[in-house]
Amino acid sequence: MELADLLAPAQVRSLGSIASKKRALEELSKLLVEVAPDLSATDVLTSLVNREKLGSTALEGGVAIPHGRMRGLDKPAAAFIRLEAGIDYDAHDGAQVDLVFGLLVPQDATQTHLDILKAIAERLSDDGFVQALRDATSDEALHAQLVSELPTQA
């Protein structure tokens, strides 16, 4: 599955000041239920928070990929937020997180979940790609960058 198929422009937002990890997850939950209206924002938030209790979903360099499995979801749903300033996210490298990619998958979609997470993590581990996300000047430009193809390595 390509990110362009997973991430609609309306689910990509630059947000102002967010004070905490919980508040970022709340905002992400609101965006995720826009693509999965049969779910409640409260249930999505609970799923994301419960996953975080198992260990932080932060990668290195200010990026996090909170994710969860949901009953009642028939296909993967994604949302992305860019924060004005980094927040404490319990990252292993101690970095403040300002880029948050949220993912929900159906309860029984184990391999799909892993495949999508791997693809997202690979994209968000590319320093140039991450910097381009931080440099995007609008939500539209941010979405375009997220779904763009990475150049192949020679």
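Residues numbered from 1 in each chain as written. Predicted model: local features only at pLDDT ≥ 70, side-chain atom pairs only at ≥ 80, totals over all residues. Heavy atoms only, no water.

### Description of the packing of aromatic side chains
Stage number 1. One pass over the full model with this rule turns up one aromatic pair.
Stage number 2. Ring geometry for Phe80 and Phe101: centres 6.1 Å apart, planes at 65°, overall edge-to-face. Note that Phe80 is positioned in strand 4 (residues 77-87) and Phe101 in strand 5 (residues 97-106), a separation of 21 residues in sequence.
Stage number 3. By relative accessible area, which is 1% here, Phe101 ends up buried. (Phe/Tyr/Trp six-rings, centres within 6.5 Å; stacked < 30°, edge-to-face > 60°. Helix = DSSP H or I, 4+ residues; strand = E, 2+ residues; numbered from the N terminus. Buried < 20%, exposed > 50% of the residue type's maximum accessible area, 1.4 Å probe, protein only.)

### Comments concerning unusual backbone geometry
Stage number 1. Of note, the phi angle at Asp90 is positive, near 55°, even though the residue is not glycine.
Stage number 2. Looking at the element boundaries, Asp90 is found in the loop between strand 4 and strand 5.

### Comments concerning the packing of helix 2 (residues 21-35) against helix 3 (residues 41-54)
Stage number 1. Contact geometry of helix 2 with helix 3 gives a least axis separation of 8 Å together with a crossing angle of 135°. Comparing the axis directions of helix 2 and helix 3 gives the class oblique. Viewed along their axes, helix 2 and helix 3 form a crossing whose handedness is right-handed. Every residue of helix 3 that contacts helix 2 at Lys21, Lys22, Leu25, Glu26, Leu28, Ser29, Leu32 and Val33 is listed here: Ala41, Val44, Leu45, Leu48, Val49 and Glu52.
Stage number 2. Considered class by class, the residues forming the contact of helix 2 with helix 3 number nine nonpolar, one polar and four charged. (Axes fitted to C-alpha atoms, helices over the stretch in contact; angles between N-to-C directions. Parallel < 35°, antiparallel > 145°, perpendicular 65-115°, else oblique. Left-handed = near helix turned anticlockwise from the far one by under 90°. Contact = heavy atoms within 4.5 Å. Nonpolar A, V, L, I, M, F, W, Y, C, P; charged D, E, K, R; others polar.)

### Overview of the environment of Ala109
Stage number 1. The residue Ala109 is located in the loop between strand 5 and helix 4 (110-123) in this model.
Stage number 2. Taking the C-alpha atoms as reference, Ala109 lies 7.9 Å from Arg69; in sequence the two are 40 residues apart.

### A few points about the packing of helix 5 (residues 127-135) against helix 6 (residues 139-147)
How two helices pack is summed up by the angle between their axes together with the distance between the axes.
Stage number 1. Where helix 5 contacts helix 6, the axes come no closer than 8 Å and their chain directions differ by 165°. With respect to each other, helix 5 and helix 6 are oriented roughly antiparallel. Crossing handedness for the pair helix 5 and helix 6: left-handed. Contacts between helix 5 and helix 6 pair Phe129, Ala132 and Leu133 from the former with Leu142, Gln145 and Leu146 from the latter.

### Describing the side chain of Asp98
Stage number 1. Position of Asp98 among the secondary structure elements: in strand 5.
Stage number 2. Its relative accessible area of 14% is what places Asp98 among the buried residues.
Stage number 3. Looking at Asp98, its side chain comes within polar contact range of the side chain of Arg134, at 2.7 Å.
Stage number 4. The contacts of Asp98, once residues within four sequence positions are left out, are Gly62, Ile81, Arg82, Leu83, Ala85, Gly86 and Arg134. (Polar contact = N/O pair within 3.5 Å; in protein donor to acceptor, adjacent residues only side chain to side chain.)

### Observations concerning the pairing of strand 4
Stage number 1. Counting buried residues in strand 4 gives eight out of eleven residues, a clear majority hidden from the surface.
Stage number 2. Bridge analysis of strand 4 against strand 5 gives seven bridges, and the strand direction is antiparallel. Bridged to Ile87 within strand 5 is Val97. (Pairing = 2+ DSSP bridges.)

### Description of the pairing of strand 5
Stage number 1. Of all ten residues in strand 5, ten are buried, a share of seventy percent or more.
Stage number 2. Pairing geometry for strand 2 (residues 63-64) and strand 5, over two bridges, is parallel. Each residue of the ladder has a partner; that of Val63, found in strand 5, is Leu99.
Stage number 3. Note that strand 3 (residues 67-70) and strand 5 share four bridges and pair parallel. Note that in strand 5 the partner of His67 across the bridge is Leu103.

Distances and angles like these do not, on their own, reveal function.
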